[in-house]
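Chain by chain, the residues run as shown.
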Amino acid sequence: MIGTIVNVITILVGTSIGVFVGSKIPSKTRTLITDALGLVTFVSGASACAALWNSHYVDKVGSGRPILITLGALLIGGILGSVFRIEERLDNVGEKLKRRFSNENDSNFVTGFVTASLIFVIGPMAILGSISDGLGNGNELLILKSIMDGFAAIAFAAALGWGVAGSALCVLIYQGAWSAVGAFLGSTLQEYQIDSITGVGGLLLIGIGLKLLNLRSIAIGDMLPALFIAPVLATCVALLM
């Protein structure tokens, strides 16, 4: 859990710096920062989607099937997320944090919390780094992620305010859970399974980018179970090959 704790600290520090700097930045400039974050998030997601065409993934499940696995994971995950109202619950947590730590006029608080939470937990580094940390194989990946998240938190907080700090709670719970998986179940994920998670995560990041750019509001929170469904489907297909 050392890597995850460092990650939480860097997010909190980054948020503090971002809020302090953001208060001195004009509203138009903060909007520009949000647009820049949206573009970078979009490109990062597109880059992650390249995992769907990795040779070892295609060889394991068959040509064309990574796309079908991803579609299946998003559909099943989206249905499960809708049933359990994950997006709504995230918004509710954000509202509770807003009432406790911010004022009612801070319209960006919930947006900052939800957006930063999703971005900081989606991606293979959060999973692989946490599992490695749980196995006792080192926390280099999480330290690298912590540095990246710290700088991202500065940018997000400058545009969206204190809500970004609340994402540290989600990071603590999510990465802590994966560290527990690493500690109790061992190294169970194979390369093609990681690729399936990365591909789905890439599409979710693209969805977040669209939301930040105000192009389309997608309930990405409801699709989070797809990150867990993807390796299961990939494994089932691989066993049938």
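Residues numbered from 1 in each chain as written. Predicted model: local features only at pLDDT ≥ 70, side-chain atom pairs only at ≥ 80, totals over all residues. Heavy atoms only, no water.

Draft legend 1. Expanded view of helix α10 (residues 191-212). With 22 residues, α10 extends 31 Å from end C-alpha to end C-alpha; this agrees with the ideal 32 Å at 1.5 Å per step. Buried residues dominate α10, accounting for 18 of its 22 residues. Directly after α10, the chain includes N214, whose backbone phi takes a positive value near 60°. (Helix = DSSP H or I, 4+ residues; strand = E, 2+ residues; numbered from the N terminus. Expected span 1.5 Å × (residues − 1). Buried < 20%, exposed > 50% of the residue type's maximum accessible area, 1.4 Å probe, protein only.)

Draft legend 2. Main features of the pattern of salt bridges. Summed over all chains, the structure comprises 2 salt bridges. The partner of R85 in a salt bridge is E88, and the shortest N-O contact between them spans 3.0 Å. You can call R85 partly exposed: its relative accessible area is 37%. (Salt bridge = Lys/Arg side-chain N within 4 Å of Asp/Glu carboxyl O.)

Draft legend 3. Focus on unusual backbone geometry. Here the phi dihedral of R85 falls at roughly 55°; this positive angle occurs in a residue that is not glycine. You can see R85 is positioned in the loop between α4 (65-83) and α5 (86-101). Its identity as a non-glycine residue notwithstanding, N214 has a phi of 60°, on the positive side. Within the fold, N214 resides in the loop between α10 and α11 (226-240). On the accessibility criterion, N214 (70% relative accessible area) is exposed.

Draft legend 4. The packing of aromatic side chains, seen in detail. Enumeration according to the criterion identifies 2 aromatic pairs in this entry. With 6.5 Å between their ring centres and 85° between their planes, F120 and F156 make a pair best called edge-to-face. Here F156 lies in helix α8 (residues 140-160) and F120 lies in helix α6 (residues 109-121), a separation of 36 residues in the sequence. This pair shows no difference in class: F120 is buried, exactly as F156 is. Measuring from centroid to centroid gives 6.4 Å for Y174 and F228, while their planes differ by 70°, and the two rings are edge-to-face. A residue pair is termed long-range when its members are at least 10 positions apart, and Y174 in helix α9 (residues 167-185) and F228 in helix α11 qualify at 54 residues. (Phe/Tyr/Trp six-rings, centres within 6.5 Å; stacked < 30°, edge-to-face > 60°.)

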